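Structural features, examined
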There are 2 protein chains.
Amino acid sequence: MLLVMPEDLRSLGEFGVIRRLRAMTSPGPGVEAGIGDDAALVRFDGAALLTVDMLVQDVHFDLAFSAAEDVGYKAMACSVSDIAAMGGRPRYAVVAFGAPSSTELTLVDGVLEGLRTAAAEFDVTLVGGDTVESPVLTISVTVAGEPGPAGSILRSGAKPGDLLCVTGATGGAAAGLALLRRAATDPRSAELLDRCPELARAHRRGRARAREGLAAATSMAHAMIDISDGLGKDAAHIAEESGLGLRVLAGNVPAAEGVVEAASIAGTTPERFAVGGGDDYELLIAAHPHDVDLVRDAVAPTPLTVVGEFRAGTERTVEWSDGSRDALENVGWEHHA
Amino acid sequence: MLLVMPEDLRSLGEFGVIRRLRAMTSPGPGVEAGIGDDAALVRFDGAALLTVDMLVQDVHFDLAFSAAEDVGYKAMACSVSDIAAMGGRPRYAVVAFGAPSSTELTLVDGVLEGLRTAAAEFDVTLVGGDTVESPVLTISVTVAGEPGPAGSILRSGAKPGDLLCVTGATGGAAAGLALLRRAATDPRSAELLDRCPELARAHRRGRARAREGLAAATSMAHAMIDISDGLGKDAAHIAEESGLGLRVLAGNVPAAEGVVEAASIAGTTPERFAVGGGDDYELLIAAHPHDVDLVRDAVAPTPLTVVGEFRAGTERTVEWSDGSRDALENVGWEHHA
C-alpha cells in the first residue's frame, strides 16, 4: 500500500507560496508593480495611512476554534479596521506569513483564501509579501490606505462635553471565544453557539467597519478608534490622547445578541463582556451632542449608541449597573499582561 | 536578601512597549500622525513603494550569535534593502513585534535601539507598530518608500546581451554564520572572526545598499534585485522575470574579505559562499555593456563587478571554476526547503 503523505510547505517552498499568492491575486487599480518584485509600486496622491497588525497562533487564534480561512480573513480585517478608525479607505496590503515547514498545504491555502476573501470584501489589493519559517502560524498584515475626503480622524480630537458613541454591539467576540472553549464539554455552550452563529463568527473573523468609519469621518466625528482591546481600554485611549476625562455607563453599552446568555454560562455579567471584551472591531466615536444624529445617519443602518461623556480632567471611569466603578484603562485585554 | 528579578515584558505591557517606542522616535518630515493612533498618516506624492520582511528567532538569527541591537538593525535593513533594489528612497516604517511575555526588557530595548539606529542611518521614520505575545522573537518591518527621480527599477527589465553586475562583495554573511557556529569549539574560527570582524557583522546586520540602489536607478540600470537568498537564486529571479537565460561565472564573483579562509575552515569553496550564501544585501544590477561604466561611476566608491551575461533562452546556469555547472535557481538558500 502506498503511504500518501499530505503535501506540506516544505514541498512547496517559499517561492511556491509567493507564486500561489500571486496566482490568487490580480492587479488592482493603482498598482504599477505588485507581487513578485522587491517592493510593490502603488499610486498615492498626497497622503497615505499605514498600519500593521500581527496575529499569532495560540495567542490570537486557536486552530481548534478557527478555520485557516478565518485566520487569514481576520488578519486582513484587523488592519482594515485600523484604517477605518482613521476615517480612511484601505487600498493596498503586504503580508508577512510565518509557518512551520511541516504545515500542510491545505492550511496555507486556507489562510491565503481568507486573506483574499477579506481583501475582496474591503476592496484591498494584495501587492506583496514575505514568507518565512516560524514555530507557529504568524501573520502580519500591513495595510496602506487613503485618507477620506474630509481628512483623517485622530484619537486626540475629542472635546469636553462630547459624547462617546459605539457602532453596532459589543462583547460578541469575547463571548464567542468563551463558548468555543467550553463547547466540547458543555452542551449549553454548544447549543448557544449553534443558535447564535454570529458569536463564533465575531471571534473568528471580527467585523471591520470599513464603510462606517469612512462615513463617520465625513460627518462630524471629532475622534475615533476601533475596539480591539476592549471598549473600556480603547475609550480610555481616546480620552488620554485628547487630554480629557471620560465617564462610560456600562448599562448603556449595547451587548451583541447572545451575550446575555453567554455571560450566564461563563459566570460573568453581560456588561463585563460588552465593556471588557476585545476583538469586536466596532468603532468608538466622539462627537458633539448636537452632531450625534448626523453621525448616526452617516453610519446607518448600523446602529449608533451613546455610551459615555467626555469631561475636563483625567478621571476615566466605567460605572457598572450595580453602582461600582473601575478605571477604564483596566477594563479590557492587553498583551503581555 | 532581596531576590531581584529582571524586569520583563509582562511588567511593561503592550502599551508600555508602544510608549517606549514612541519616546525613542521623533516625528519626521512628512509625518502628519505617527505612533499612537490607529494608523500613521504620511505624505506621499504620486506613488509609494511598499515592502515587508519578517525575521524569526532561531530561523533568521540566533541570540547566541547576535545581540538584540543587531536583530533590530537587521530587521529594518532587510526592508530598506528591498526599497533600494527598486531604486527608491525609504521613508517610513511600521513594525510588528512579537515576543514571549517573559522576555527581559533589556532585550526589548535592544531590539528597539537597533531599529532606531538603522532608521536613523537610512533616514526612515518609524511611524507605527503592533506588539504581541509570540513564542519566539518575531519582527516584521514594513517600509514605505518613494520611487527615485528616474522611476523604479523592476526585476523584469533585463535585455539579451545585458551584463549582470554585483556591488561590493558577497559570501560574507554566510561565512560569518558558519564561523559563529564553529567558534565555541574551533579556535581557528574564533581567530578568523577576531581578525575579520566584518564577517560576523555581515551576518548580524547585513549591509543595505540604500545609496547605491538610488544611484544605480538614476544611471542606466535595466533591472535590479538585492541578494537575500544568495546571488545564484536572486540572479535567477531577474532572468526569470525578464524571460531570459543567464550565465554566471562563479570565478568572477568577488568574495568578501576572509571568505577564502572561512571556506577552508568550513570545508567548502569560496565560490560556494560567494554565489550561494544569502543575507548579503548586495545589489545585482543588469545593464547594457556600454553602460556598465556609468553604473560603476554611479555606485562608486562601492565596487561594481561584472559576474554574468543575459542571453535569449531559458538556460540559467552558474559555471564553477572547476568547470562544473549548476542551475542558478538551485544555488542559494530557501525557506521551507
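The sections below set out a description of the structure shown in this document.

What counts, and where the lines are drawn
- Residues numbered from 1 in each chain as written.
- Chains lettered and ligands numbered in written order.
- Predicted model: local features only at pLDDT ≥ 70, side-chain atom pairs only at ≥ 80, totals over all residues.
- Least-squares fit on C-alpha atoms with pLDDT ≥ 70 in both.
- Contact = placed C-beta atoms within 7 Å.
- Buried ≥ 20, exposed ≤ 12 C-beta atoms within 10 Å, placed from the backbone.
- Helix = DSSP H or I, 4+ residues; strand = E, 2+ residues; numbered from the N terminus.
- Pairing = 2+ DSSP bridges.
- Axes fitted to C-alpha atoms, helices over the stretch in contact; angles between N-to-C directions.
- Parallel < 35°, antiparallel > 145°, perpendicular 65-115°, else oblique.
- Left-handed = near helix turned anticlockwise from the far one by under 90°.
- Nonpolar A, V, L, I, M, F, W, Y, C, P; charged D, E, K, R; others polar.

As a further point, take the relation of the copies chain A and chain B. The two chain copies are related to each other by a rotation about an axis together with a translation along it. Overlaying chain A with chain B gives an RMSD of 0.0 Å, the required rotation being 180 degrees about an axis along which the chain moves by 0.0 Å. Here the two chains are linked by the operation of a two-fold rotation axis. Taking the C-alpha atom as reference, chain A places Asp45(A) closest to the rotation axis, 2.7 Å from it. Interface overlap between copies: 100% of the residues of chain A at the interface are likewise at the interface in chain B, consistent with a symmetric, same-surface contact.

Attention now goes to helix α6 (residues 197-205) of chain A. Residues and elements named next belong to chain A. If you check which residues of α6 are buried, you get Leu 199, Ala 200, Ala 202, His 203, Arg 204 and Arg 205. In this structure, the buried side of α6 is in contact with α2 (68-84), α4 (172-182), α5 (187-195) and α9 (259-266). Where α6 ends, the next residue or the one after it, Gly 206, has phi of about 70 degrees, a positive value.

Here the focus is the sheet that holds strand β9 (residues 283-287) of chain B. Residues and elements named next belong to chain B. In spatial order, the strands read β7-β9-β6-β10-β8-β11-β12; together these seven strands make up an open sheet with mixed pairing. Whereas interior strands pair on both sides, the edge strands pair on one side only; in this sheet they are β7 (223-226) and β12 (325-327). Across the sheet, the mean angle from the axis of one strand to that of its neighbour is 25 degrees, orientation sign disregarded. In the sheet, strand β8 (residues 245-249) pairs with strand β11 (residues 316-319) via four bridges, with the strands oriented parallel. Across the sheet, Arg 247 pairs through a bridge with Thr 317, a residue of β11. Of the strands in this sheet, β6 (163-167), β7 and β9 touch helix α7 (residues 210-217), which is tilted by about 10 degrees from β9.

Across the contact, 65 residues belong to chain A and 65 residues belong to chain B. Take the side of chain A that touches chain B: its biggest share by element is 16 residues, from strand β2 (residues 40-56) of chain A. In the sheet, β2(A) pairs with strand β2 (residues 40-56) of chain B via eleven bridges, with the strands oriented antiparallel. Bridging from a neighbouring strand, Asp45(A) pairs with Asp45(B) of β2(B).

Right, let's talk about the packing of α4(A) against α9(A) for a bit. All names here are of chain A. With their axes 10 Å apart at the nearest point, α4 and α9 run at an angle of 45 degrees to one another. Accordingly, the angle class assigned to the pair α4 and α9 is oblique. For the crossing formed where α4 meets α9, the hand is left-handed. Only Val 259, Ala 262, Ala 263, Ile 265 and Ala 266 of α9 make contact with α4, whose side of the interface consists of Gly 172, Ala 175, Ala 178, Leu 179 and Arg 182. Tallied by class, the residues present in the contact of α4 with α9 amount to eight nonpolar, one polar and one charged.

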